[in-house]
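Descriptive structure summary
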Amino acid sequence: MPEVAPMLIVGLDEEQVERDLLSGRLACPACRSPLSPWGSARPRVIRLAAGPRTLCPRRSRCRSCDTTHVLLPSLCLARRRDAAAVIGAVIEAKVAGAGHRPIAKRLGLPSDTVRGWLRRFRARAGDIRMHFTRWAAALDPELGPITPGGGEVADALEAIAIAVRGRVLRFGPGAVWAIASELSGGLLLANTSCPFSAVR
Ligand SMILES: [Zn+2]
């Protein structure tokens, strides 16, 4: 059975998230009813490229089904202690041709961790490419076909880049991997057979 993470990826602007929460604009991922504030989740340390940062994410509760959801800012991925941008930099370096050991050394990461992320990304590359290609088309209906050809990991990264570009052109600038986290519902490297929420 797929693991359903009791969390919802939200934007980086905490005040905006609070306003959205109070006004019922955040929807329950399970039933789409409005979420209400429900205290805070336990603090957690997220490793950013600049160093560790402690987050204390807001928690919410669905007004209809009573499920609680942690509101995780999009600099994170679900169940990963490293920020989306750190994992993203690894994937970009791999597509640029580096091996996992040099990548780990350059970014100051354990090489087993880097290898694990790359394995997971490679295993999911087809799903990731399809998911982000759908997002790219939803965000930019004028977009022509995306031609594959760089290998499955490179093609997946290309689809992410095109979807992120579409999101930026439509809704304004943002950090690339935070947008990628948001568009994947935080599940970019999730350990499930059906990881991604539908394109809305
Ligand atoms: Zn609900």
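Residues numbered from 1 in each chain as written. Predicted model: local features only at pLDDT ≥ 70, side-chain atom pairs only at ≥ 80, totals over all residues.

Overview of the pairing of strand E6 (residues 68-73)
What counts is decided by this rule: To sort residues by burial, count the other C-beta atoms lying within 10 Å of each one's C-beta; a count of 20 or more means buried, 12 or fewer means exposed, and anything in between means partly exposed. C-beta atoms are built from the backbone. Secondary structure follows DSSP: runs of H or I at least 4 residues long count as helices, runs of E at least 2 residues long count as strands, and numbering of each begins at the N terminus. Strand pairing is defined by DSSP finding a minimum of two bridges between the two strands.
For E6, the tally of buried residues reaches five of six residues, placing the bulk of the element in the interior. Where strand E5 (residues 58-62) lies against E6, four bridges are found, and the strand directions are antiparallel. The partner of Arg61 across the bridge, within E6, is Thr68. What sits between the antiparallel neighbours E5 and E6 is a turn of five residues, in which Asp66 has the positive phi angle 70°.

So, the packing of helix H5 (residues 152-171) against helix H6 (residues 176-183)
The test is simple: Every axis in this analysis is a line fitted to C-alpha atoms, fitted for helices over the stretch in contact. Angles between the N-to-C directions lie between 0 and 180 degrees. Angles are sorted into four bins: roughly parallel if under 35 degrees, roughly antiparallel if over 145, roughly perpendicular if 65 to 115, and oblique for all others. We call two residues in contact whenever the C-beta atoms placed from their backbones are within 7 Å. Residues are grouped as follows: Ala, Val, Leu, Ile, Met, Phe, Trp, Tyr, Cys and Pro are nonpolar; Asp, Glu, Lys and Arg are charged; all remaining types, including Gly, are polar.
Running from N to C, H5 and H6 point in directions that differ by 95°, and their axes come no closer than 10 Å. By the criterion of interaxial angle, the relationship of H5 to H6 is roughly perpendicular. On H6, the residues touching Ile160, Ala163, Val164 and Arg167 of H5 are Val176, Ile179, Ala180 and Leu183. Along the lines of polarity and charge, the residues of the contact of H5 with H6 split into seven nonpolar, no polar and one charged.

Details of the domain arrangement of the chain
Formally: Boundaries between domains were set according to an automatic or database domain assignment.
Here the domain parsing of the chain yields domain 1 (7-73) and domain 2 (84-183). Computed over C-alpha atoms, the centres of domain 1 and domain 2 are 24 Å apart. Listed as interface residues are five residues of domain 1 and, on the opposing side, five residues of domain 2. Residue classes in the side of domain 1 that touches domain 2 are distributed as four nonpolar, no polar and one charged.

Re H6
Of all eight residues in H6, seven are buried; the element is thus mostly enclosed. What H6 keeps buried is the set Trp177, Ala178, Ile179, Ala180, Ser181, Glu182 and Leu183. Those residues of H6 that are buried are in contact with strand E1 (7-10), helix H2 (84-95), helix H4 (111-139) and H5. Phi turns positive one or two residues past the end of H6, at Gly185, with a value near 60°.

Here's the deal with the sheet that holds E1
Across the sheet, four strands lie side by side as E1-E6-E5-E2; this open sheet has mixed pairing. This sheet does not close on itself; its edge strands, each paired only once, are E1 and strand E2 (35-40). On average, adjacent strands in this sheet sit at an angle of 35° to one another, irrespective of strand direction. Relative to E5, E2 runs antiparallel, the two being bridged by four bridges. Paired with Pro37 across the bridge in E5 is Ser60.

Re the confidence of the model for the chain
The condition is simple: Summary of the metric used: pLDDT quantifies the predictor's per-residue confidence within the range 0 to 100.
For the chain, the mean per-residue pLDDT works out to 91, and 93% of the residues sit at or above 70. Here residues 1-5 scores under 50 on pLDDT; set against residues more than four positions off or in separate chains, the count is eight contacts.

Describing the nonpolar core
Stated formally: The nonpolar core is taken to be a set of buried Ala, Val, Leu, Ile, Met, Phe, Trp, Tyr and Cys residues joined by way of C-beta atoms within 7 Å.
The biggest cluster of nonpolar side chains holds 49 residues, and the ones touching the most others in it are Leu72, Ala84, Ile87, Phe132, Ile160, Ala163 and Ala180. Sorting the residues of this core by element identifies E1, helix H1 (14-22), E6, H2, H4, H5 and H6 as the ones contributing at least two each. Looking at this core element by element, the count peaks at nine residues for H4. There are two domains that each give this core at least three residues, and those are domain 1 (7-73) and domain 2 (84-183). The contact partners of Phe132, leaving out residues within four places of it in the chain, are Ala159, Ile160, Ala163 and Leu183.

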